[in-house]
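Overview (structure and organization)
Below, each chain spelled out in residue letters.
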Amino acid sequence: MWWIVGFVVLLIKVAVVLGVLFGFAAGMVLVERKLLGRLQIRYGPNRVGPFGLLQPVADGLKLLLKEDIVPKGADRIIFFFAPAVVALVPLLIAAVVPFSSDLKIGETRIPVLIADLNVGLLFFLAVASLSVYGVALGGWASNSKYSMLGSVRGAAQLISYELSLGLSLVPVVMLAGSFSLVDIVNAQAEYPFILVQPVSFLIFFISSMAESNRLPFDLPEAENELIGGFHTEYSGMRFALYFLGEYISMVVLGALVAVFFLGGWRGPVLPPLAWFLIKTMITPVFFIWTRATLPRVRYDQLMQLGWKILLPLCLVNIIATGGIALLVRS
Amino acid sequence: MNENESRLGRIMDGIGGIVDSYAVTLKHLFRKPITEQYPEQKKVLPERTRARIVLTRDPEGEERCVSCYLCEAVCPTDCISMEGAERGDGRRYALWFRINFARCIFCGLCEEACPTLAIQLTPDFEFSKYHVLDLVYEKEDLLIEGCGKNSEYNYYEHAGVAVGFDKGEHPGEAKPVDVKSNMP
């Protein structure tokens, strides 16, 4: 009988996480437009509802009702499938993120995450690499030169930054001694890892900016060079899926930054979930701030930063962390 | 060693540049937005703003337009058309006068070409319509009850009026050409 209860609890957790993430993605669109507006001394959307709060609803309706155009010569199956990959990947990653400390109902403790994988971190890296398929195949299937260029850039960029993304987490694993995200949070009981691994944090932050195709690394989209990059030919709900994926991945990467470096749900006074939300929002807000601040880097600068600076820095950081850990423990 | 120092300096310069730019955008976050909320806050436009075209009257309340066709000729989009006519006392006027605002680009050349300051552009730009034919303005839509920008000017005080003789009867003046029977 107990497995049925466990299954129902799991389903509830999945539903809550899905709902909250979709809500956050819609909210992030509004937050981004509002904040970006204020950073550029304008108001941002303020026409739909009070203070423009209903703008996400209007945007969603608009995208749902738009015509779904498939370009002539497009590879229809891949064209239909590619946006789903981009939207699916951050949702899958969210499955291993611990949102709060265990929920206690009587004697039973319910962990507030969907799956406590003992290789959670590797799962995150493996699944995150899949999003390159959404970008690359979507651009390729569109049968358009702009999409093609965007997807080629996207593939090259995502693969380059995947490396630093993975390697920047190695010191975290060395400190926590586990690949499980729950263990990583528990290992930060005394101090968050950002204090001992600032370089790692910086590299992870920059790489995740590049992973989520945000300015200054939005070369796959590059509106003023490639029209829309890999999603040039997409419209309506499929276009919305790409955007949903981008915004959910912003939130999820924020959650991961919180888990890996900011101590997850830990914090004084406020309840764990509130701390987690605050820490999660730091990254997306900083992404938006960055978008308002920095111009897009050139393609060769992007590659140079990835391969010649971040990657060696990661390796040096790993060796240094290992050396210091050896010294401290012996 | 020296090279290393300069490289370090360059790195510090780069980091400083990035941090500075973040500070600038953060400063702007706390500034009051400069947006004008258009339908609620309307800006007072300069009086020489070029928008909706009107036909003005002279200080005596007569139509200034003498139907000389100069505005029609100068109009780059050919949106002005009219037919001239003559009153009993020899003063010319437009029988009908039509501006197609769907084609008008508000360049103001008609205003410059007008010898009697009849045709003038006003700052009123809010006259979009749901139907394109509603943008074709006839003479009664264009004619206003004032002098517009030049309240004193009266063309017929200077020219265009018969003095002593009728048309074509001044010394050395040819008879007016009758265009309807001007066949060779």
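Relevant structure appears above.
This write-up is about the structure you can find in this document. Note that the structure is a prediction, hence the values are computed from the model and not measured. (Residues numbered from 1 in each chain as written. Chains lettered and ligands numbered in written order. Predicted model: local features only at pLDDT ≥ 70, side-chain atom pairs only at ≥ 80, totals over all residues. Heavy atoms only, no water.)

**Describing the overall build of chain B**
- For chain B, the helix and strand inventory stands at four helices and five strands.
- Counting from the amino terminus, helix and strand elements in chain B follow one another as α-β-α-β-β-α-β-β-α.
- What you see for chain B is a C-alpha radius of gyration of 29 Å, clearly larger than the 16 Å of a compact globule of 184 residues, by over 25%.
- Once the C-alpha set of chain B is aligned to its principal axes, its extents read approximately 100 × 40 × 35 Å. (Helix = DSSP H or I, 4+ residues; strand = E, 2+ residues; numbered from the N terminus. Rg over C-alpha atoms; globule rule 2.2 N^0.38 Å.)

**Section: empty space enclosed by the protein**
Residues and elements named next belong to chain A.
- Under the defined criterion, the tally for this structure stands at three cavities of 30 Å³ or more.
- By volume, the largest cavity amounts to about 270 Å³.
- Every residue lining the largest cavity is counted, 22 residues in all, and those nearest its centre are Ser131, Glu211, Ser212, Gly245 and Ser249.
- Among the elements that line the lining of the largest cavity, the one with the most residues is helix α10 (residues 236-260), at six residues.
- Residues that form the lining of the largest cavity fall into these classes: 13 nonpolar, six polar and three charged. (1 Å grid on protein atoms, 1.4 Å probe; cavity = no way out; pocket = protein on both sides within 12 Å on 5 of 7 lines; lining within 4 Å. Points joined across faces, edges and corners; volume = space filled by probe spheres on them. Nonpolar A, V, L, I, M, F, W, Y, C, P; charged D, E, K, R; others polar.)

**Observations concerning helix α1 (residues 2-39) of chain A**
- Helix length check: α1 of chain A, at 38 residues, gives a terminal C-alpha distance of 53 Å against a target of 56 Å (1.5 Å per residue), a fit within 8%.
- Residue Ile41 of chain A follows α1 of chain A closely and has a positive phi angle near 40°. (Expected span 1.5 Å × (residues − 1).)

**Concerning the interface of chain B and chain A**
- Counting from both sides, the interface comprises 15 residues of chain B and, opposite them, 14 residues of chain A.
- On the chain B side of the interface with chain A, the three residues burying the most area are Tyr22, Leu29 and Pro33 of chain B, jointly 41% of the side's total.
- Our count for the contact surface shared by chain B and chain A stands at one salt bridge.
- Notably, a salt bridge pairs Glu40 of chain B with Arg47 of chain A, separated by 3.1 Å at the nearest N-O pair.
- Where chain B touches chain A, the interface holds eight residue pairs in polar contact (both at pLDDT 80 or more). (Contact = heavy atoms within 4.5 Å. Buried area = accessible area lost by both parts, 1.4 Å probe. Salt bridge = Lys/Arg side-chain N within 4 Å of Asp/Glu carboxyl O. Polar contact = N/O pair within 3.5 Å; in protein donor to acceptor, adjacent residues only side chain to side chain.)

**A word on the sheet that holds strand β3 (residues 92-100) of chain B**
All names here are of chain B.
- Taken in spatial order, the three strands of this open sheet run β2-β3-β5, and their pairing is antiparallel. Strands at the two margins of the open sheet, each flanked by one partner only, are β2 (80-86) and β5 (136-137).
- Here β2 runs beside β3; their pairing, made up of seven bridges, is antiparallel. Each bridged residue has a counterpart across the sheet, and for Met82 the counterpart in β3 is Phe97. (Pairing = 2+ DSSP bridges.)

**Here we look at the layout of surface pockets**
- Its volume calculated, the largest pocket comes out at about 1,300 Å³.
- At the level of elements, α8 (198-211), α11 (272-293) and α12 (299-329) of chain A together with α1 (2-29) of chain B are the ones that each hand at least two residues to the lining of the largest pocket.
- Classifying every residue of the lining of the largest pocket gives 25 nonpolar, three polar and two charged.

**What about the packing of aromatic side chains?**
- Taken as a whole, this structure holds 23 aromatic pairs over all chains when the rule is applied.
- Geometrically, the ring pair formed by Phe101 of chain B and Phe127 of chain B is edge-to-face, given 5.1 Å between the ring centres and 80° between the ring planes. Note that Phe101 of chain B is positioned in the loop between β3 and α3 (109-113) and Phe127 of chain B in the loop between β4 (119-121) and β5, a separation of 26 residues in sequence.
- Assessed through its relative accessible area of 5%, Phe101 of chain B is described here as buried.
- One aromatic cluster is present, built from ring pairs that chain together Phe124, Phe201, Phe204, Phe205, Phe260, Phe261, Phe286, Phe287 and Trp289 of chain A together with Tyr22 of chain B.
- In this structure, Arg98 of chain B packs its charged tip against the face of Trp96 of chain B, placed 4.7 Å from the ring centre. (Phe/Tyr/Trp six-rings, centres within 6.5 Å; stacked < 30°, edge-to-face > 60°. Buried < 20%, exposed > 50% of the residue type's maximum accessible area, 1.4 Å probe, protein only. Lys NZ or Arg CZ within 6 Å of the ring centre and 35° of its normal.)

**Some remarks on the pattern of salt bridges**
All names here are of chain B.
- Overall, the coordinates contain 16 salt bridges over all chains when judged by the stated rule.
- One salt bridge connects Asp124 with Arg52, and the closest N-O pair in it is separated by 2.8 Å. Separated by 72 residues along the polypeptide, Asp124 in the loop between β4 and β5 and Arg52 in the loop between α1 and β1 (53-55) bring together distant segments of the chain.
- Of the residues examined, Asp124 reaches a relative accessible area of 27% and is grouped as partly exposed.

**Quick notes on the packing of helix α4 (residues 120-141) of chain A against α10 of chain A**
All names here are of chain A.
- Close contact between α4 and α10 brings their axes to 13 Å; oriented N to C, the two are set at 160°. In terms of axis orientation, α4 runs roughly antiparallel to α10. For the crossing formed where α4 meets α10, the hand is left-handed. Contact with α4, carried on its side by Leu121, Phe124, Gly134 and Gly138, involves Tyr242, Leu253, Leu256 and Phe260 of α10 and no other residues of that element.
- The class makeup of the residues in the contact of α4 with α10 is six nonpolar, two polar and no charged. (Axes fitted to C-alpha atoms, helices over the stretch in contact; angles between N-to-C directions. Parallel < 35°, antiparallel > 145°, perpendicular 65-115°, else oblique. Left-handed = near helix turned anticlockwise from the far one by under 90°.)

**Here we look at α11 of chain A**
- The terminal C-alpha atoms of α11 of chain A lie 32 Å apart, and with 22 residues this matches the ideal 32 Å at 1.5 Å per residue to within 8%.
- When we look at burial in α11 of chain A, the residues that qualify are Phe276, Lys279, Thr280, Thr283, Pro284, Phe287, Ile288, Thr290, Ala292 and Thr293 of chain A.

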